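Listed below, chain by chain, are the residues.
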Amino acid sequence: MSTPSPGQDIRVLVVEDDPVAADAHVLYVGRVPGFVAVGKAHTGAEARRALDRTPVDLLLLDLHLPDVHGLQLARSLRAAGYHADVIAVTSARDLAVVREGVSLGVVQYVLKPFTFATLRDRLIRYAEFHAAAGEASGQDEVDRALATLRAPGPAALPKGLSAPTLEKVTRALRDRAEGLTATGVAEAVGISRITARRYLEHLVDAGRAGRSPQYGQVGRPELQYRWVKG
């Protein structure tokens with residue numbers, strides 16, 4: 001990887017097997033000043049080919065790819081001389097995986113489902129870390145450089161939404177491969193239909209759920225929501 005000169009955008013390769021999520025991540029990256037998505041890959045093999053064609057500074061890397069685990073890909077890239085940093089995107093919450101990733105250039109983890117605000121925060125912090133150059137004057141400066149990668153706390157959800165309820169809605173949707181309506185989610189989670197729809201629309205906006213009309217019923221069709229694999 002060549003080091004970007006001052007004022008040059010940080011080049012990001014999105015590696016995500018789900019096409020809908022990949023498009024959403026590319027869109028998110030493009031909305032953050034100082035970053036540019038230079039491509040997307042849906043498998044580890046596609047990622048390698050993309051890296052051979054295009055200089056990349058940062059991988060936005062899904063850990064569950066169809067042909068290789070993301071950390072195995074990161075390990076093989078390091079061995080082959082690729083030095084791009086990695087922000088891991090995953091629904092896995094195994095802390096052993098987190099520890100393993102540290103030695104492979106994983107500088108941040110983003111748990112699915114996430115919002116644009118969450119990724120924007122991580123990218124901005126990475127940009128600050130990436131821009132640090134020269135010799136540190138002492139321990140405090142080293143600590144400050146590393147601290148830029150650490151978020152002060154969970155990214156805020158839209159007003160009126162809570163993380164515990166979002167987790168319940170997410171679990172209900174993931175457990176029903178055929179999908180659920182807002183009414184179905186409301187019954188499964190124990191919230192109102194209106195509240196369920198707000199959470200479901202949040203997941204759609206985050207690229208973690210899709211929606212389509214449910215036909216075959218009398219009256220106006222209700223939207224059916226399905227989890228986007230990841």
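Shown above is the structure to which this text applies.
What you are looking at is a predicted structure, and each value in this text was computed from that prediction instead of being measured.

Right, let's get into the packing of aromatic side chains. The relation between two aromatic rings is expressed through the spacing of the ring centres and the mutual angle of the planes. Tallying each qualifying case throughout the model produces two aromatic pairs. Where tyrosine 28 meets phenylalanine 116, the ring centres are 5.5 Å apart and the plane angle is 55 degrees; that geometry is what we call tilted. Placement of the pair is tyrosine 28 in helix H1 (residues 19-30) and phenylalanine 116 in helix H5 (residues 116-131), with a sequence separation of 88 residues. Under the relative-accessibility criterion, tyrosine 28 is labelled buried at 4%. The rings of Tyr28, Phe114 and Phe116 are connected pair by pair, giving a single aromatic cluster. Taking NZ or CZ as reference, arginine 31 lies 3.9 Å from the ring centre of phenylalanine 116, over its face.

With respect to topology, five strands assemble into an open sheet ordered S2-S1-S3-S4-S5, the strand pairing being parallel. Only two strands of the sheet have a single partner each, and these edge strands are strand S2 (35-41) and strand S5 (106-111). Sheet twist, expressed as the mean angle between neighbouring strand axes with direction ignored, is 20 degrees. Inspection of the sheet shows strand S4 (residues 85-90) paired to S5 by five bridges, in the parallel sense. Bridging across to S5, threonine 90 finds its partner in leucine 111. Sitting on the sheet, helix H2 (residues 44-53) touches strand S1 (10-15), S2 and strand S3 (58-62), and the angle it makes with S1 is about 160 degrees. Contacts between H5 and the sheet are confined to S1, S2, S3, S4 and S5, with S5 contributing the most and set at about 170 degrees to the helix.

Moving on: the environment of leucine 58. Within the element layout of this structure, leucine 58 appears in strand S3. Taking the relative accessible area as the measure of exposure, leucine 58 reaches 1% and is therefore buried. Through-space distance from the C-alpha of leucine 58 to that of alanine 37 is 9.5 Å; in sequence the pair is 21 residues apart. Apart from residues no more than four positions distant in its own chain, leucine 58 is found in contact with Ile10, Arg11, Val12, Leu13, Phe35, Ala84, Asp85, Val86, Ile87, Leu123 and Tyr126.

Here the focus is H5. One turn of an α-helix holds 3.6 residues; hence residues three or four places apart share an orientation. Given a rise of 1.5 Å per residue, 16 residues ought to cover 22 Å, and the 22 Å separating the end C-alpha atoms of H5 matches this to within 8%. Turning to H5, its buried residues are Phe116, Thr118, Leu119, Arg122, Leu123, Arg125 and Tyr126.

Rules used throughout
- Residues numbered from 1 in each chain as written.
- Predicted model: local features only at pLDDT ≥ 70, side-chain atom pairs only at ≥ 80, totals over all residues.
- Heavy atoms only, no water.
- Phe/Tyr/Trp six-rings, centres within 6.5 Å; stacked < 30°, edge-to-face > 60°.
- Helix = DSSP H or I, 4+ residues; strand = E, 2+ residues; numbered from the N terminus.
- Buried < 20%, exposed > 50% of the residue type's maximum accessible area, 1.4 Å probe, protein only.
- Lys NZ or Arg CZ within 6 Å of the ring centre and 35° of its normal.
- Pairing = 2+ DSSP bridges.
- Axes fitted to C-alpha atoms, helices over the stretch in contact; angles between N-to-C directions.
- Contact = heavy atoms within 4.5 Å.
- Expected span 1.5 Å × (residues − 1).

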